[in-house]
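This is what each chain is made of:
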Amino acid sequence: MMNRWVIPGSILASVLLLGYILHRRKRKKADQQRWTTFWATVTTGFESIARSEIIWKLQRWEEGSAMEVRFGHEDAPGKVIFFIEESRPSGETLNRLKRLYSVQQMMVAIFIESNYPPSKEALSRMADLPRHAGGTEAWSRALDVWRRWRRECGDDAPAVRGQAVPVFRVTAAHSGKHEFHSTDIGQAMAAGIAGHLGWPADLKNYDFEIYAHLRYDTLTVGIPLTRKSINDSSVRATEQQAAQDDQPDQLVSAAIDDGAQDAPAGGQPSRGWKRRKIIDDSTNSLSLLDPAKRERSCTNLRPAVAYCLTLTAGLHEAPAGTLAADPMCGSNTIIEVATAEEPILRRCFFIAGDSQSVPIDKTYANLQRLPARRARIDVVRWTAERLPLRSDVLDVIVTDMPFGKRLSCADQLRTVYPRCLKEFHRSLSVEGRAVLLTGAAYRLIRREIDRQGQLGAEATHPWVCVRDSAISMGGLHPVVFALNKKAREVRR
Ligand SMILES: C[S@@+](CC[C@H](N)C(=O)[O-])C[C@H]1O[C@@H](n2cnc3c(N)ncnc32)[C@H](O)[C@@H]1O
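Cut-off values and rules
Residues numbered from 1 in each chain as written. Predicted model: local features only at pLDDT ≥ 70, side-chain atom pairs only at ≥ 80, totals over all residues. Heavy atoms only, no water. Helix = DSSP H or I, 4+ residues; strand = E, 2+ residues; numbered from the N terminus. Buried < 20%, exposed > 50% of the residue type's maximum accessible area, 1.4 Å probe, protein only. Contact = heavy atoms within 4.5 Å. Areas by Shrake-Rupley, 256 points an atom, 1.4 Å probe, with all protein chains shown as cover. Pairing = 2+ DSSP bridges. Phe/Tyr/Trp six-rings, centres within 6.5 Å; stacked < 30°, edge-to-face > 60°. Lys NZ or Arg CZ within 6 Å of the ring centre and 35° of its normal. Near = heavy atom within 4 Å. Polar contact = N/O pair within 3.5 Å; in protein donor to acceptor, adjacent residues only side chain to side chain. Nonpolar A, V, L, I, M, F, W, Y, C, P; charged D, E, K, R; others polar. Right-handed = clockwise from strand over helix to strand, strands pointing away. Lys, Arg positive; Asp, Glu negative; His and termini not counted. Salt bridge = Lys/Arg side-chain N within 4 Å of Asp/Glu carboxyl O. Axes fitted to C-alpha atoms, helices over the stretch in contact; angles between N-to-C directions. Parallel < 35°, antiparallel > 145°, perpendicular 65-115°, else oblique. pLDDT = per-residue confidence, 0-100.

1. Notes on the overall build of the protein chain
Reasoning step 1: From N to C terminus, the protein chain includes 14 helices and 15 strands.
Reasoning step 2: Residues classed as buried in the protein chain amount to 51% of the 492 residues present.
Reasoning step 3: Sequence separation of 24 or more characterises 80% of the internal contacts of the protein chain that already satisfy a separation of 6 or more.
Reasoning step 4: Per element, the accessible surface of the protein chain, about 23,800 Å² overall, is 51% carbon and sulfur.

In structure tokens form, the structure reads like this:
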């Protein structure tokens, strides 16, 4: 009697389970098609700042134009994954994405998958394209985004216009312990793509690149949209150097055509990015920081880092009439980057100062070359250790303090940093904020903040440290402080 019921019951359960799985798959696919995934590389340590910029620019930019943005949990240093609710991002959305200044490189993600084993078994899974989330359709959609982005940037190559089959190459990297190398990932993926999609691969003469990063057991694959970093460092001297710099550590490229590694016969120009004249994306990014048009110093900050400092200082939300200063301005990267944003340009006044005449001259020269931007910037030669300003006048201080070889004498730092901090405190208004990028001497700042904490009631307006963490900058790990000058509550 029991058996008669047990068998149909288990069959029913299996049928229900199967139905549920199919239903979930269908829903997942439909959901995936509603969203487009982007993968942004950002300065390590500034991921949360980049997320806030994405929210600001995509979701809250204009009243009534709310676009749904979600963030992925595949967090890794220097990586931000986000989804926008548009199956085919509009031209307006692409333009907004280009205005994300904290982003170094933007990619349209094709798929993100977890549970890859560390063994070579993972390679066969990588090559089996239709099994990946979104299937082959995800690849054509990503290619479509790439084409439209490139067209918006003025690239009219046949592959971009859709008049030729685009040639790709795979660039792969991995982090964690795996029984294979990055080259193996590249080769497996290139073979899978060429086999399933019929796209030709060529290591040198390629139209677009496919980036694959296996981090422990999670594989993220995408197509870079920017030829070079959106806010490419103005430090980079040559295009070739830029191409080399853009390669992350341990990064290896691979395509199935081994012969492609050789230079093209007869030295003919190749179609590869490094050889082709790079189309200037800067019309859509910080063109004012075009290295060719700026006076730079050897201590120049990367525009993306400078921009993140301005967001940390909250300049994008500053009320009208805000007075901000960079008391150690160098060639004035921070203020120039800040004024690239219309709301900051409209609402803020700036003072740029430096103790040396050469940076001051460069700052002047750079201001004169700025397009008619109506920026209200005064330039002063001063020492940040004794600012010629009244007390409590500045609303914001944001600066990149000298560190490393620029002011390598430890004795000098020991006196300069505390004196500057004291002056910044004096000239800031109550509730004002100082954002300081510091090198190894960050300990001096921490010590000063601790000292104030121990002063108790004597410190009427103590610093309150709201951020104190390192970023990764060209092999260095400077610390970013965000300090608020607070009024101590008086207990009666
Ligand atoms: C790290 S650099 C700033 C670079 C700048 N962010 C840029 O992108 O060009 C530090 C600057 O602080 C200046 N400096 C050093 N000691 C100073 C002081 N006591 N007062 C004012 N400026 C000072 C140096 O001349 C240098 O230009």
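2. Digging into the pairing of strand β15 (residues 479–485)
Reasoning step 1: Counting buried positions over the 7 residues of β15 gives 7, a clear majority of the element.
Reasoning step 2: On β15, burial covers both faces: Val479, Phe481, Leu483 and Lys485 on one face and Val480, Ala482 and Asn484 on the other are all buried.
Reasoning step 3: Alignment of strand β14 (residues 463–470) against β15, held across 7 bridges, turns out to be antiparallel. In the sheet register, alanine 470 faces β15, and the bridge partner there is valine 479.

3. Section: the packing of aromatic side chains
Reasoning step 1: Counted under the stated rule, the structure contains 8 aromatic pairs.
Reasoning step 2: Ring geometry for tyrosine 101 and tyrosine 307: centres 5.3 Å apart, planes at 90 degrees, overall edge-to-face. Within this pair, whereas tyrosine 101 is found in the loop between α3 (91–98) and β4 (103–113), its partner tyrosine 307 is found in helix α9 (residues 303–312), the two being separated by 206 residues in sequence. We note that tyrosine 101, like tyrosine 307, is buried.
Reasoning step 3: Between phenylalanine 111 and tryptophan 139 the ring centres are 6.1 Å apart and the planes differ by 55 degrees, which places this aromatic pair in the tilted class. Here tryptophan 139 lies in helix α5 (residues 135–152) and phenylalanine 111 lies in strand β4, a separation of 28 residues in the sequence.
Reasoning step 4: An aromatic cluster of three or more residues is present, and its members are Phe111, Trp139, Trp146, Phe168, Trp199 and Phe208.
Reasoning step 5: One cation-aromatic arrangement involves lysine 79 over tryptophan 39; the distance from NZ or CZ to the ring centre is 5.4 Å.
Reasoning step 6: Between arginine 376 and the ring centre of phenylalanine 349, over which it is positioned, the NZ or CZ distance is 4.3 Å.

4. Looking at the site of the ligand
Reasoning step 1: Around the ligand, 22 residues are found, and the nearest of them are Leu301, Ser331, Thr333, Asp354 and Ala384.
Reasoning step 2: Side-chain polar atom of threonine 333 to an oxygen atom of the ligand: 2.6 Å apart, as the coordinates give it.
Reasoning step 3: Protein coverage of the free-state accessible area of the ligand, which is 600 Å², stands at 92%.
Reasoning step 4: Within the shell around the ligand, the residues separate by chemical class into 9 nonpolar, 9 polar and 4 charged.

5. Concerning the pairing of strand β6 (residues 208–215)
Reasoning step 1: Within β6, 7 of the 8 residues are buried, which leaves it mostly tucked inside the rest of the structure.
Reasoning step 2: In this structure, strand β5 (residues 168–175) lies alongside β6, joined through 8 bridges in parallel fashion. Considered in β6, the bridge of phenylalanine 168 is made with phenylalanine 208.
Reasoning step 3: Between β5 and its parallel partner β6, the chain crosses via helix α7 (residues 182–197), and the hand of that crossover is left-handed.
Reasoning step 4: The antiparallel pairing of β6 with strand β7 (residues 218–224) creates a hairpin that spans 2 residues between the two strands, and tyrosine 216 there sits at a positive phi of about 55 degrees.

6. Quick word on unusual backbone geometry
Reasoning step 1: In this structure, asparagine 115 takes a positive phi of about 65 degrees despite not being glycine.
Reasoning step 2: If you trace the backbone, asparagine 115 turns up in the loop between β4 and α4 (121–127).

7. Section: the side chain of lysine 362
Reasoning step 1: Looking at where lysine 362 falls in the secondary structure, it is placed in helix α12 (residues 357–369).
Reasoning step 2: Buried charge lysine 362 goes without a salt bridge, the closest partner of opposite sign being glutamate 295 at 5.3 Å.

8. Concerning the packing of helix α2 (residues 47–59) against α9
Reasoning step 1: Relative to each other, α2 and α9 sit at 75 degrees, their axes nearing to 10 Å. For the element pair α2 / α9, the angle class is roughly perpendicular. Residues Ile49, Glu53, Trp56 and Lys57 of α2 touch α9, and the partners they reach there are Tyr307, Cys308, Leu311 and Thr312.

9. Observations regarding the confidence of the model for the protein chain
Reasoning step 1: With 78% of its residues at a pLDDT of 70 or more, the protein chain has an overall mean of 80.
Reasoning step 2: Put simply, helix α8 (residues 239–245) is where the protein chain has its lowest mean pLDDT, 32, and strand β9 (residues 322–326) is where it has its highest, 98.
Reasoning step 3: Note on residues 229–288: pLDDT under 50 across the span, and 150 contacts to partners over four residues away in sequence or across chains.

10. Here we look at the sheet that holds β14
In a beta sheet, neighbouring strands are held together by backbone hydrogen bonds and run either parallel or antiparallel to one another.
Reasoning step 1: If you walk across this open sheet you meet the 7 strands as β11-β10-β9-β12-β13-β15-β14, and the pairing is mixed. The open sheet has two edge strands with one neighbour each: β11 (377–381) and β14. The sheet shows a mean angle of 15 degrees between the axes of neighbouring strands, direction not considered.
Reasoning step 2: Pairing of β9 with strand β10 (residues 348–354), which is carried by 5 bridges, proceeds in the parallel orientation. Looking at β10, one finds that leucine 323 is bridged to phenylalanine 349.
Reasoning step 3: Across the sheet, α9 is in contact with β12 (394–400), β13 (428–438), β14 and β15; its angle to β13 comes to roughly 155 degrees.

11. Section: the environment of arginine 34
Reasoning step 1: Topologically, arginine 34 is positioned in helix α1 (residues 2–34).
Reasoning step 2: Sequence separation between arginine 34 and isoleucine 84 is 50 residues; the distance between their C-alpha atoms is 8.6 Å.
Reasoning step 3: When near neighbours in sequence (up to four residues on either side) are disregarded, arginine 34 contacts Ile84, Glu85, Glu86 and Ser87.

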